[in-house]
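Letter by letter, the chains look like this.
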Amino acid sequence: MNLYDLLASRFPADRTKACFILSDRTEISYGALEAGVGRIAALMKDKGVGVGDRVALQAAKSPEGVMVYLAALKIGAVFLPLNQAYTASEVDYFLKDAEPAEFITDPVAFAAEAAGCAPIAETTPRADGDLAAIIYTSGTTGRSKGAMLSHGNLAANAIALHQAWGFSPDDVLLHALPIFHVHGLFVALHCAFLSGCPMVWLAKFDDAEVLAGLKRASVMMGVPTFYTRLLAAPGFTREAAAHMRLFVCGSAPLLESTFAEFEARAGMPILERYGMSEAVIITSNPLEGERIAGSVGYPLPGVELRIGGGEATGVIEIRGPSVFGGYWRMPEKTAEEFTADGFFITGDVGRQDPDGRVWISGRAKDLIISGGYNVYPKEVELVLDEMAGVTESAVVGVPHPDFGEAVVAVVIGQGDEAAMIAAAREQLAAFKTPKRVFFVDDLPRNAMGKVQKNLLRERFGGTFG
Ligand code: AMP
């Protein structure tokens with residue numbers, strides 16, 4: 001079944017019911033969403049977008065952007081969301097790699113252009129294995145990989161989450177996440193659509209708007225940074241959270257101190273879950289039953305999870321209906337990251353306790369997660385290494401009170417720190433740009449000549465307090 005038809009089959013029978021509740025309190029109904037999707041789908045078809053063609057979107061978050069996503073599904077096209085923070089040269093790479101038939105940067109204008117089109121009612125049938133979306137993740141070699149997710153992958157995960165987190169039509173989801181990433185795009189939207197419930201729709205996380213939204217919402221999904229920001233807001237009290245039944249957190253590790261402080265302040269524990277672009281959500285703490293700080297909970301129903309390498313702690317491997325089919329146009333990379341028996345090697349290091357709960361201890365590939373966004377050191381190092389005065393660079397993530405981790409560069413060579421940061425920023429999104437650059441005579445290495453990043457993390461770990 002086409003994922004769009006699955007989602008639309010659960011829209012409320014009364015289509016006048018709100019889907020989006022905007023900051024100015026205006027509402028966009030489910031009926032208006034459906035009509036908008038039908039018109040945008042018609043315009044895409046008029047423009048020659050065919051089944052299997054990619055539709056790229058790089059734009060500020062908007063309800064029209066959601067309509068573009070759903071319209072792409074409806075006509076059997078493949079949705080390709082791009083982070084707005086990407087620079088022109090980064091976007092250039094994605095466009096060359098994915099070759100979209102349509103690249104939309106202003107979904108509001110696109111929807112306006114579609115206003116004259118007759119909405120198409122029929123949805124293009126799709127099989128479970130047919131491609132629905134490509135989500136680019138940063139590559140360890142500096143090249144981004146496009147994770148290919150099918151209609152079946154997304155449907156299976158949506159159904160499992162809707163059930164696991166007890167969504168109902170009475171819920172109101174506070175949506176403050178971006179929609180270019182699986183968290184805000186698939187996890188949040190699909191749970192809302194499958195329950196036919198409204199969303200308090202915020203363009204971004206803003207303390208005052210979130211505090212106001214909590215009074216009308218019942219569920220919030222966020223990254224750890226959202227929760228540390230809420231805790232920093234004096235207005236966040238037990239009363240402010242009284243209307244809420246569930247706070248979900250993921251995309252990066254939640255500090256145990258944040259979990260504890262939040263429970264004390266809000267009177268309920270955060271539900272932490274673990275996921276990735278390649279499989280959407282993999283494990284979750286329980287809705288009913290104990291949520292343990294530091295654990296990402298149990299594998300979702302249908303997910304087979306094991307620890308590779310035969311040790312208690314090792315790289316987490318997963319298999320199941322939501323696990324992606326492979327990386328776009330990278331058959332060798334895909335083959336490397338799956339085991340012979342079809343498990344995806346996540347690259348996350350962890351263990352599973354006798355009770356079945358999963359604990360993540362680190363990232364095999366030195367991925368940095370800053371403010372919920374992934375930064376692969378290699379991509380930043382490649383930019384720095386090109387700069388005058390730089391012999392070699394090593395990029396690590398160090399603890400940061402606001403972003404979780406911050407990008408720090410350690411450079412063999414000489415130069416001006418501020419100028420180097422500014423030059424890096426010209427080529428890299430802000431979240432990837434080093435916050436500090438340290439100059440050294442040499443980098444610590446092991447016997448094989450590999451830079452020991454763990455030592456750099458120790459040495460510069462106190463940079464931000
Ligand atoms: P992305 O593909 O951008 O969603 O990033 C996926 C990565 O984020 C995973 O491979 C993990 O390393 C990390 N991640 C996501 N959720 C959690 C969590 N709850 N705890 C620790 N790491 C997480």
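The shown structure was predicted, so the numbers you read here are calculated from the model rather than taken from an experiment.

Thresholds, definitions, all that
- Every residue gets a number counted from 1 within its own chain, in the order that chain's sequence is written.
- For a predicted model such as this one, the threshold for reporting local features is a pLDDT of at least 70, and the threshold for listing and counting side-chain atom pairs is 80 or more; totals across whole chains, interfaces and linings nevertheless cover every residue.
- Hydrogens and water molecules were not included; the side-chain quantities draw on all heavy atoms of the structure.
- Strands are runs of DSSP state E lasting at least two residues, helices are runs of H or I lasting at least four, and both sets are numbered from the N terminus onward.
- Only heavy atoms are used to decide nearness, and a residue is near a molecule or strand if one of them lies within 4 Å of it.
- Any N or O atom pair separated by 3.5 Å or less is treated as a polar contact, with the protein-specific requirement of one donor-capable and one acceptor-capable atom, and with residues adjacent in sequence counted only for side-chain atom pairs.
- For this classification, the nonpolar set comprises Ala, Val, Leu, Ile, Met, Phe, Trp, Tyr, Cys and Pro, the charged set comprises Asp, Glu, Lys and Arg, and every other residue, Gly included, is treated as polar.
- A contact between two residues is defined here by any heavy atoms of the two lying within 4.5 Å.
- To qualify as a nonpolar core, a set must consist of buried Ala, Val, Leu, Ile, Met, Phe, Trp, Tyr and Cys residues joined through side-chain atoms within 4.5 Å.
- Burial status follows relative accessibility: with a 1.4 Å probe on protein chains alone, a residue under 20% of its type maximum counts as buried, one over 50% as exposed, and anything between as partly exposed.
- Aromatic rings from Phe, Tyr and Trp, taking only the six-membered ring of Trp, are treated as a pair when their centres fall within 6.5 Å; an angle between ring planes under 30 degrees marks them as stacked, one over 60 as edge-to-face, and anything in between as tilted.
- By definition here, charges over rings are those cases where NZ of Lys or CZ of Arg is within 6 Å of the ring centre and within 35 degrees of the ring normal.
- Each cavity reported here is a set of points on a 1 Å grid over the protein atoms alone in which a 1.4 Å probe fits but cannot get out, each pocket an open set with protein on both sides within 12 Å along at least five of seven lines, and each lining residue one with an atom within 4 Å of a point.
- Grid points are joined across faces, edges and corners, and a volume is the space filled by probe spheres set on the points.
- For two strands to count as paired, DSSP must find a minimum of two bridges between them.
- Salt bridges are defined by distance alone: a side-chain nitrogen of Lys or Arg within 4 Å of a carboxyl oxygen of Asp or Glu.

Quick notes on the environment of D46
Considering the arrangement of structural elements, one finds D46 in helix α2 (residues 30-46). Linking D46 and A114, residues 68 residues apart in sequence, is a C-alpha distance of 9.9 Å.

Some words on the site of the ligand
Around the ligand there are 15 residues in total, and E272, R273, S277, D348 and N374 lie nearest to it. With respect to the ligand, the backbone of S251 contributes an N or O atom lying 3.2 Å from a nitrogen atom. No other element matches the five residues that strand β12 (residues 271-276) contributes to the shell around the ligand. Tallied by class, residues from the shell around the ligand come to six nonpolar, five polar and four charged.

Structural notes on the environment of I270
Secondary-structure assignment places I270 in the loop between α10 (256-266) and β12. Considering only alpha carbons, one finds I270 and P169, 101 residues apart in sequence, at a separation of 22 Å. Those residues within four positions of I270 in sequence are excluded, and the remaining contacts are Y227, F247, V248, C249, L254, F259, F262 and R291.

A look at the nonpolar core
Counting residues in each nonpolar core, the largest one holds 120 residues, and the members touching the most others are M44, F193 and M220. Within the second largest apolar cluster, 17 residues are counted, among which are V375, V383, A409 and V437.

With respect to the packing of aromatic side chains
All told, the structure shown has 24 aromatic pairs when counted by the stated rule. Ring plane angle 85° and centroid distance 5.3 Å describe the contact between Y227 and F262, whose orientation is recorded as edge-to-face. With Y227 in helix α9 (residues 224-232) and F262 in helix α10, this pair connects stretches of sequence that are 35 residues apart. Comparing Y227 with F262 shows no difference in burial state: the two are buried. With centroids separated by 5.3 Å and ring planes inclined at 35°, the aromatic side chains of F236 and F262 adopt a geometry described as tilted. One end of the pair, F236, is in the loop between α9 and β11 (246-249); the other, F262, is in helix α10, and 26 residues separate them in sequence. According to the relative accessible area criterion, F262 is buried, its value standing at 0%. One aromatic cluster in this structure is built from Y4, F11, Y30 and F193. Above the face of the W201 ring, K61 is positioned so that its terminal group lies 4.5 Å from the ring centre.

A look at the layout of surface pockets
Rolled over the atoms, a probe with the dimensions of a water molecule shows which regions are left empty. Volume-wise, the second largest pocket comes out at about 750 Å³. Taken together, 38 residues form the lining of the second largest pocket, with P178, F180, K204, G371 and Y373 sitting closest to its centre. Of all the secondary-structure elements, those providing two or more residues to the lining of the second largest pocket are β4 (78-81), α7 (182-195) and α9. Broken down by element, the lining of the second largest pocket gets its largest block of residues, three residues, from α9. Looking at the lining of the second largest pocket residue by residue, the classes come out as 21 nonpolar, 13 polar and four charged.

A look at the pairing of strand β16 (residues 314-319)
In terms of strand pairing, strand β15 (residues 304-307) meets β16 through four bridges, oriented antiparallel. If you follow E304 over to β16, its bridge partner there is R319. Counted along the chain from β15 to the antiparallel partner β16, the turn is six residues long, and its residue G309 has a positive phi close to 90°. Where β16 lies against strand β18 (residues 344-352), four bridges are found, and the strand directions are antiparallel. Note that in β18 the partner of E317 across the bridge is I345.

Details of the pattern of salt bridges
Taken as a whole, this structure holds 18 salt bridges when the rule is applied. Note that K333 is salt-bridged to E336, the shortest N-O span being 3.4 Å. Of this pair, K333 and E336 both sit in helix α11 (residues 331-336), separated by three residues, roughly a single helical turn. Between K453 and E381 there is a salt bridge, with its nearest N and O atoms 2.7 Å apart. With K453 in helix α14 (residues 453-460) and E381 in helix α12 (residues 377-385), the pair connects residues that are 72 residues apart, well separated along the chain. The exposure class assigned to E381 is buried, which follows from its relative accessible area of 8%. Taken together, the shared-partner salt bridges in this structure form one network comprising K145, K333, E336 and E337.

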